[in-house]
Amino acid sequence: MNQLVRCTLLLLLLLPGQMARACPTGCQCQDPTTILCAARRGHTVPRGLPPSTLSLYVFENGITMLSEDSFAGLPALQLLDLSQNKITSIQKNIFQSLTELVNLDLSSNQLQEITNETFHGLRLLERLYLQKNRIQHIHATAFDTLENLLELKLQNNQLRAVPPLDLPNLLLLDISWNKIPSIVPGTLHAINIESLKIAGLGLTSLDEELFQPQNNLHELDVSDNLLERVPVVLRRLGSLTKLSLAGNAHISQLPPEDFRGLHNLQELDISNLNINTIPRDFSRFFPRLRAMTASGFAGAFCEEEEEEEEEEESPLAPHRCPSASPQLPAAPRRSCAPHARV
Ligand SMILES: *[C@@H]1O[C@H](CO)[C@@H](O)[C@H](O)[C@H]1NC(C)=O
């Protein structure tokens, strides 16, 4: 009897140590709620994790597949980082048990398809990162149950259309670097969206009806497209604080009337357009402007003849950009070379 008690005591004393040792190889479990298994080698998600785990980082592990019980014992999980693995597909019911999940990072994998089952039921999910995959197809109702989603990142995939989105709480959508040459009005039901990134899609125009009149857009990135002119829809986007039109090499004019409504703008990027001159009083439209990037001009800031030395001392003469801050990136010197076409 005495011996049994002693054995039990010994066992109890050993238990915490044993639990610490139960941390899977290649993982760190110092904080019992955060398990870090970065760059661990393994084709599957590690087993035997404490059920109290709130955050699980298993990026860069070489994981090729997820099975239905991969996350079965982790009912409290709020953050799951599976980025930089080799996951090609996700069977249904993989994530369904993760009812507390808030952040899910699946970026830099090899996913090709998102079905209506993939994320079904993740009602608390706020951030879903799917960038840098090979996603070609997203089922029409794939995101429908994600009613709390705030951020959706889908850039650098192989999408050919904007997935139908009915996400009233979405604040950020990045679908840059897909092959979506036109965005059909009505596809974006994200009425409260604050940040929209649609760079590198091959867009030739932006439909005027794309945004509701009562939109709340703060940031718009339409860089590296094939826009033929400054989108007229900008006239309705008075809440914008950050705008990039950079790298639209077909834009050859900056008509003042298109910019007149942007009185909240703080950052503007008009680099690498097909423009030789910026209207003299251009910055007058933007009383709050803090930074304007305008590199890659063929002589933009050289519209008045000036001594070359003077240009070098002060590439941006104050009268040309009165409200811009001193750290305003200067046009590259070559654009101000004596032989630059003006
Ligand atoms: C997904 O769609 C299929 C039909 O395309 C349907 O049978 C199934 O019930 C749907 N699943 C969910 C979770 O909505």
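Since this is a predicted model, take the numbers as computed values, not measurements.

Overview of the sheet that holds strand β13 (residues 267-269)
Phase 1: With parallel pairing, 12 strands are arranged side by side in an open sheet as β1-β2-β3-β4-β6-β8-β9-β10-β11-β12-β13-β14. Among the strands making up the open sheet, the edge pair consists of β1 (34-36) and β14 (291-293). The average undirected angle you get between the axes of adjacent strands in this sheet is 5°.
Phase 2: Where strand β6 (residues 127-129) meets strand β8 (residues 151-153), three bridges bridge the pair, whose relative direction is parallel. Looking at the pairing, Y129 lines up with K153 of β8.

Brief notes about unusual backbone geometry
Phase 1: Positive phi is not limited to glycine here, since N156 has a value of about 60°.
Phase 2: By secondary structure assignment, the location of N156 is in the loop between β8 and β9 (172-174).
Phase 3: With 20 C-beta atoms counted inside 10 Å, the residue N156 sits in the buried group.
Phase 4: Here D224, not a glycine, exhibits a phi torsion of approximately 55°, which is positive.
Phase 5: The topology assignment puts D224 in the loop between β11 (219-221) and β12 (242-244).

Considering the confidence of the model for the protein
Phase 1: Summing up the model confidence of the protein, the mean pLDDT is 82 and the portion of residues at 70 or higher is 80%.
Phase 2: For the stretch residues 7-21, pLDDT sits under 50, and the model shows one contact to residues farther than four places along the chain or on other chains.
Phase 3: When the criterion is pLDDT under 50, residues 300-342 qualifies, and its contacts beyond four places in sequence or with other chains add up to 59 contacts.

Overview of the environment of T118
Phase 1: If you trace the backbone, T118 turns up in the loop between β5 (113-114) and β6.
Phase 2: With 22 C-beta atoms packed within 10 Å, T118 lands in the buried category.
Phase 3: Placed 25 residues apart in sequence, T118 and N93 show a C-alpha to C-alpha distance of 7.1 Å.
Phase 4: Contact partners of T118, with chain neighbours within four places excluded, come to I90 and A142.

Here we look at the environment of M65
Phase 1: Within the secondary structure, M65 sits in the loop between β2 (55-57) and β3 (79-81).
Phase 2: Under the C-beta neighbour-count criterion, M65 is labelled partly exposed, with 16 such atoms within 10 Å.
Phase 3: A C-alpha to C-alpha distance of 6.3 Å links M65 and T44, two positions 21 residues apart in sequence.
Phase 4: Here M65 is in contact with T44 and I87, once residues within four sequence places are set aside.

Some details on the environment of E60
Phase 1: Here E60 shows up in the loop between β2 and β3.
Phase 2: Overall, the presence of 17 C-beta atoms within 10 Å leaves E60 in the partly exposed class.
Phase 3: Taking the C-alpha atoms as reference points, E60 and A39, 21 residues apart in sequence, are found 4.7 Å from one another.
Phase 4: Every residue in contact with E60, bar those within four places of it in the chain, is listed here: A38, A39 and Q84.

Rules and cut-offs
- Residues numbered from 1 in each chain as written.
- Predicted model: local features only at pLDDT ≥ 70, side-chain atom pairs only at ≥ 80, totals over all residues.
- Pairing = 2+ DSSP bridges.
- Helix = DSSP H or I, 4+ residues; strand = E, 2+ residues; numbered from the N terminus.
- Axes fitted to C-alpha atoms, helices over the stretch in contact; angles between N-to-C directions.
- Buried ≥ 20, exposed ≤ 12 C-beta atoms within 10 Å, placed from the backbone.
- pLDDT = per-residue confidence, 0-100.
- Contact = placed C-beta atoms within 7 Å.

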